[in-house]
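Each chain, letter by letter, is given below.
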Amino acid sequence: MTIIACTIDAIEPLTPTVNRVLLTPTTPISYQSGQYLQLCLTAEDKRPFSIASHAGSKQIELHIGASVADNFSSQALAHLQQLFAAKQPVLAEIGLGEAQLRTDSDRPLILLAGGTGFSYIYSIAQTLAKQQVNRPVFAYWGLRDQDALYHHPQMQQWASSNEHFTFIPVIQNPTTNWQGRTGLVHQAVLDDFASLAGYDIYIAGPFAMAGVVRDAFVEHGAERENMFCDAFAYI
Ligand SMILES: Cc1cc2nc3c(=O)[nH]c(=O)nc-3n(C[C@H](O)[C@H](O)[C@H](O)COP(=O)(O)OP(=O)(O)OC[C@H]3O[C@@H](n4cnc5c(N)ncnc54)[C@H](O)[C@@H]3O)c2cc1C
């Protein structure tokens, strides 16, 4: 895989714990919706991040967790901030993974994200919206707290402008003013579908979630070959 230098265009907070990073590769590069890149902190230390922008976008958007407890992403963010301040490019391997959107399928889709796994389903949702697909799409996004929601208006707007698109945020620890779904995000899917047979299912989120989802969804009728999740390779 080729390493590409990318200009860092912006680093801006989406929430107190998630930052949006905009990169422009200095060499044109293609990638598919649902793929990820690896930021090269050093030649050996490479960290994967889902590409939030849709295939064809020249600028790459990333959503990077900034929680001090999460060294994986906060160290990558610190690396980017250092380079940004010095006006230096970051090195990245772009267009990785096996969990990209399958455009040759006509099966209905379930997109399942936990936390910053939203980046992955946001890329896929944008491509589906651009293609104006008439396959039913059910996008579920699980968050610990409702103040961690971002890009919510875009997702709601797609859902209200496309009768085939349903967006369901699920809050694990809601406050009393939260009107929507609560609990663990995969449980919301299990509650909503009598069987997951016949669906293409795209999954991103914490590794612990990926393992739980894989087992629970297969138990609930999902076909393993129609479940796409790059975290499966890490667990
Ligand atoms: C290919 C790849 C791409 C990655 N892309 C990114 C990226 O774009 N940005 C980034 O910051 N990191 C990324 N990572 C790193 C890692 O996946 C994230 O750090 C992780 O998803 C962060 O989750 P969170 O803390 O936001 O979710 P949390 O806040 O921990 O959880 C969010 C929700 O997920 C569900 N959930 C969590 N744990 C469980 C569980 N044990 N059982 C059931 N449900 C659970 C719940 O509904 C919960 O509310 C990537 C890793 C890989 C391998």
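As the structure is a prediction and not an experimental result, all values here were calculated from the model.

Conventions we followed
- Residues numbered from 1 in each chain as written.
- Predicted model: local features only at pLDDT ≥ 70, side-chain atom pairs only at ≥ 80, totals over all residues.
- Heavy atoms only, no water.
- Near = heavy atom within 4 Å.
- Polar contact = N/O pair within 3.5 Å; in protein donor to acceptor, adjacent residues only side chain to side chain.
- Areas by Shrake-Rupley, 256 points an atom, 1.4 Å probe, with all protein chains shown as cover.
- Helix = DSSP H or I, 4+ residues; strand = E, 2+ residues; numbered from the N terminus.
- Nonpolar A, V, L, I, M, F, W, Y, C, P; charged D, E, K, R; others polar.
- Domains from an automatic or database assignment.
- Buried < 20%, exposed > 50% of the residue type's maximum accessible area, 1.4 Å probe, protein only.
- Pairing = 2+ DSSP bridges.
- Right-handed = clockwise from strand over helix to strand, strands pointing away.

Draft legend 1. Highlighting the site of the ligand. The full set close to the ligand counts 29 residues, and His63, Gly65, Thr116, Arg144 and Gln172 are the nearest of them. Take Leu143: an N or O atom from its main chain is 3.4 Å from an oxygen atom of the ligand. A distance of 3.1 Å separates an oxygen atom of the ligand from a polar atom in the backbone of Pro206. In isolation the ligand offers 990 Å² of accessible surface; the protein chains occlude 83% of this area. Mapped onto the shell around the ligand, the elements with two or more residues apiece are strand E4 (46–50), strand E5 (60–65), helix H1 (71–85), strand E8 (137–143), helix H4 (185–192) and helix H5 (207–219). Among the elements that make up the shell around the ligand, the one with the highest residue count is H5 (four residues). Class assignment of the residues belonging to the shell around the ligand gives a composition of 14 nonpolar, 12 polar and three charged. Here the shell around the ligand gathers at least three residues from each of two domains, domain 1 (3–96) and domain 2 (109–234).

Draft legend 2. Spatial organisation of the pairing of strand E9 (residues 165–171). With six of seven residues buried, E9 lies mostly within the body of the structure. Bridge analysis of E8 against E9 gives seven bridges, and the strand direction is parallel. Following the sheet pairing, Phe138 is matched in E9 by Thr166. With respect to chirality, the unit in which E8 leads through helix H3 (residues 152–161) into the neighbouring parallel E9 is right-handed. Bridge analysis of E9 against strand E10 (residues 181–182) gives two bridges, and the strand direction is parallel. Paired with Val170 across the strands is Arg181, a residue of E10.

Draft legend 3. A look at the pairing of E5. Within E5, six of the six residues are buried, which leaves it mostly tucked inside the rest of the structure. On E5, burial covers both faces: Ile60, Leu62 and Ile64 on one face and Glu61, His63 and Gly65 on the other are all buried. Bridging between strand E2 (residues 18–25) and E5 involves six bridges; their strand directions are antiparallel. In the sheet register, Val18 faces E5, and the bridge partner there is Gly65.

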